[in-house]
Structures are given as C-alpha cells and as structure tokens.
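# Notes for the structure review
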Amino acid sequence: MFCFLPVLVFLLTIPAEAGNRFWEHSLVETIHKNATLQLAKRAMSFDPMEGSNGALRWPNKKVKYCFDEAPTAAQRGMVKAGTQKWAVLKANGFTFDETLDSSVCKKNRKSTLLVKFNNEGKLATTIGMSAEGDGPVMHLDMNKDLGFGDIDANAAHEWGHALGLLHEHQNGNFWKVTFADTQNGWIAGSRGQTFPAKYFNCQSLKDYEKVKAKVDAEGSDQDQLQFCARFPVARKFDFSASEWLPIEGMRLARDSQVDLGSIMLYSSYMGAKEGADPVMKLGEDKLLPVNKAPSTQDIARLLTFYGAEKKKNPGLLPESKEGSRALKKIRSFIALIGGDKPKDNDNCPPKNG
C-alpha cells in the first residue's frame, strides 16, 4: 500500500538521501533449485508437496523453537513480539512454543527452530521446517538500524520465512523486462508491470564493489553481464542482489496482482550503502513502502497453505472459483478481527523522503 500520508507507509523512517540502513537476508538456498513454488493470491511460498523441496510445513501448525544460548529478556521479547505480529494465525490454530530444555531441543533438532542472535547484522531464516542440514534456523540481530528499522518487524519478517513464505518482490511474474533490459543481461519473457528492471540499481548495494571485483577476476563475460540481473549468477558470487532478483528455476503460479502491503516485501533502501540511491523503485518517483506488519494476503496465504492437503505430485493449487470464494471469506474474516482493511487512498503514490 502507498499513500501520501507517511503514517501509513512509514516513509519518514527512511531518509531519501541515506541508504545505510535496512538489510535482511533470507536463506533461499534451503529450497531445492528445481522445487515447485506456488503463488496463492499474491503471497509466495514453497509447494505443499512435503519434503520435495527441502522444506516442510510445521505439523498441525505447531512451531517449536529454542535458543542456542540463554537469551536476554530483550532477545526473548523480540522473538515473541515477532509472533504477535501474526496474532491472527494464533486465532486460527497456530502456536509458537519455546522449548526450554536444551536436551529436548537437541534431540528434536530437525523439528525445532533454533534461534541464534548475532552482532553482525545477520537476519536470516530457513524456509519452513527445513528437511535439510541440521534443521531449521533463524538468525536475528537486535540492531535497530537493520531491516525495516524496527526489530519487532524484522522478527515478524523472519517468522514469515520460518512459516514458509518467500519474498514478494522475487516473483518474476511481477517484473517488467523490456528489450532494452535484455541487452543488460536480463531474461525476456516477464509480462509484469510492478517491478521495472530498469529501476533496479544493484550498484547501490553494500557489497557491489567487492562482488564486482570478484566477478571481474573470476567470472566469464556472461557473468559480468548478468550478475546484476539474474538470480543464479548473483547467488554464484554470493551477491546480495540475489535477495532482490526474481527467482529462477522454479515454477510459479501466475497472479495478476502483487501484494505491496506484504511484510515479505523489501523497502527501497534495503541493503543500500550510506548515501546511495534506492536499490529498487516502482517508478521514477515511487519508492517501495515499508511494511511493518503482515498483510491480509500474507495471513490468508498461510491459512490457505496450511489448510491444503498434502499433494502426491509437484504442482500448483488450482485457481478455481471455489478457491477464490474461499479466499475472499478468509480475507473478510481477517479484516473483521484486526487485519489490514482497504482504505480509499490505498493506491495513491508515496511521498518521497
């Protein structure tokens, strides 16, 4: 959602001339590169086929977590505040339970989210109940200058990943790629309009110079052309652009509308260097909003996702009339008990700065 009123989009928290704040890194690598993803009415998640992509749904909507070290009261508070942002899920059978016994945590590591705090600016979470590696993990930092500039919102975003959601802006169906863009390494074919490739400025990212030097020294001519334009090439060089670029190699269900109110959507300055231009814009004078709470669509996606039956084969949930009606009922229910309600000025452009 955008609006001229900064109280709705929180743009006053982002100085237009500063890009030293706001970064978050999700562990997309926990999803198998050939996994099927689905987009159920605007929010993006992994496919319900259990274990097919290295990610699982939490059994019976019950998330168990523990800390790798005894947390401070503030750290435990940050984690719980993040779950409170998803209060509507709790009203629909989801639980977030801390395991206090470390021996139980170790014994059930594969089915317990391990929360780790750091002072290195790392905000990272495996997608869903990871079936790969040691088990699901969430990395948090209490630095208020990271991510959304709000530690509770940062925690809520990470919980979105832990529950199975991916970044809203990484759905290639919503990117606009022109012929001119293809000359700069972008892949043609996207018919989206929301995220114009020409407004993605990878040079603003903090690690751009370091990665460019590595690409120049070790990469091919193709790598040099595409490390700012293609997800797999950015990942190959561990470039933070991979957290922005549309994910490739995974099937996505098409949907005509993007959720610009999603907490899984980055704001324009995430990952930017101090004093740099926005990393991404919606238009010449349109910044991405700063969303500090889950949207109706975020919640509806998870309610639908966790209510879906386990599928025997990879595929997409059908886009049926019955499904659309069911989702509308869910949205209405959420609005009634405290979700985000549409307003007359939801679509007005944001005020810059």
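Only a predicted model underlies this, so the values are computations on that prediction, with no experimental measurement involved. (Residues numbered from 1 in each chain as written. Predicted model: local features only at pLDDT ≥ 70, side-chain atom pairs only at ≥ 80, totals over all residues. Heavy atoms only, no water.)

### Notes on the environment of Asn154
Position of Asn154 among the secondary structure elements: in helix 5 (residues 151-163). Residue class for Asn154 comes out buried when judged on its relative accessible area of 2%. Separated by 75 residues in sequence, Asn154 and Val79 place their C-alpha atoms 9.5 Å apart. Contact partners of Asn154, with chain neighbours within four places excluded, come to Met78, Leu123, Asn143, Leu146, Gly147, Phe148 and Gly149. Reaching out from Asn154, the side chain makes a polar contact with the backbone nitrogen of Phe148 at a distance of 2.8 Å. (Helix = DSSP H or I, 4+ residues; strand = E, 2+ residues; numbered from the N terminus. Buried < 20%, exposed > 50% of the residue type's maximum accessible area, 1.4 Å probe, protein only. Contact = heavy atoms within 4.5 Å. Polar contact = N/O pair within 3.5 Å; in protein donor to acceptor, adjacent residues only side chain to side chain.)

### A few points about the sheet that holds strand 9 (residues 137-140)
Two pairing modes exist for strands in a sheet, parallel and antiparallel, and in both the strands are linked by backbone hydrogen bonds. Strand order in the open sheet made by the 5 strands is 5-4-6-9-7, with mixed pairing throughout. Sheet topology places strand 5 (95-98) and strand 7 (124-125) at the edges, where each strand pairs with a single neighbour. In this structure, strand 4 (residues 62-67) lies alongside strand 5, joined through 4 bridges in parallel fashion. Bridge assignment links Tyr65 to a residue of strand 5, and that residue is Glu98. Of the strands in this sheet, strand 4, strand 5, strand 6 (113-117), strand 7 and strand 9 touch helix 5, which is tilted by about 165° from strand 9. (Pairing = 2+ DSSP bridges. Axes fitted to C-alpha atoms, helices over the stretch in contact; angles between N-to-C directions.)

### Brief notes about the state of the cysteines
Overall, the coordinates contain 2 disulfides when judged by the stated rule. Between the sulfur atoms of Cys66 and its disulfide partner Cys105 the distance amounts to 1.8 Å. One end of the pair, Cys66, is in strand 4; the other, Cys105, is in helix 4 (residues 102-107), with 39 residues separating them in the sequence. Of the two residues, Cys66 and Cys105, neither departs from the other in class, the shared state being buried. Note on cysteine connectivity: Cys202 is disulfide-linked to Cys228, with sulfurs 1.8 Å apart. Linking Cys202 and Cys228, the disulfide has an S-S dihedral of approximately 80° and is accordingly described as right-handed. Within this pair, whereas Cys202 is found in the loop between strand 11 (195-196) and helix 7 (208-218), its partner Cys228 is found in the loop between helix 8 (221-226) and helix 9 (231-236), the two being separated by 26 residues in sequence. (Disulfide = S-S within 2.5 Å.)

### Points about unusual backbone geometry
Trans peptide bonds make up the majority, and among non-glycine residues the majority have a negative phi. The backbone phi angle of Lys61 is positive, close to 65°, even though this residue is not glycine. Within the secondary structure layout, Lys61 lies in the loop between strand 3 (55-56) and strand 4. Lys61 sits in the partly exposed class, given a relative accessible area of 25%. Phi is positive for Asp238, close to 55°, though the residue is something other than glycine. Position of Asp238 among the secondary structure elements: in the loop between helix 9 and strand 12 (281-283). Classification of Asp238 by relative accessible area gives exposed; the value is 62%.

### Some thoughts on the pairing of strand 6
Two strands pair when backbone bridges link them, and strand 4 and strand 6 are joined in this way by 3 bridges, in the parallel orientation. Each residue of the ladder has a partner; that of Cys66, found in strand 6, is Leu114.

### Topic: helix 5
Taking 1.5 Å as the rise per residue, helix 5 with 13 residues should run 18 Å; its terminal C-alpha atoms sit 18 Å apart, in good agreement. The element helix 5 is largely enclosed, with a buried count of 12 among its 13 residues. Ile151, Ala153, Asn154, Ala155, Ala156, His157, Glu158, Trp159, Gly160, His161, Ala162 and Leu163 are the residues of helix 5 that are buried. Where helix 5 starts, the residue carrying a side-chain oxygen 2.9 Å from the main-chain nitrogen of Asp152 turns out to be Asp150. Phi turns positive, to about 125°, at Gly164, one or two residues after helix 5. (Expected span 1.5 Å × (residues − 1).)

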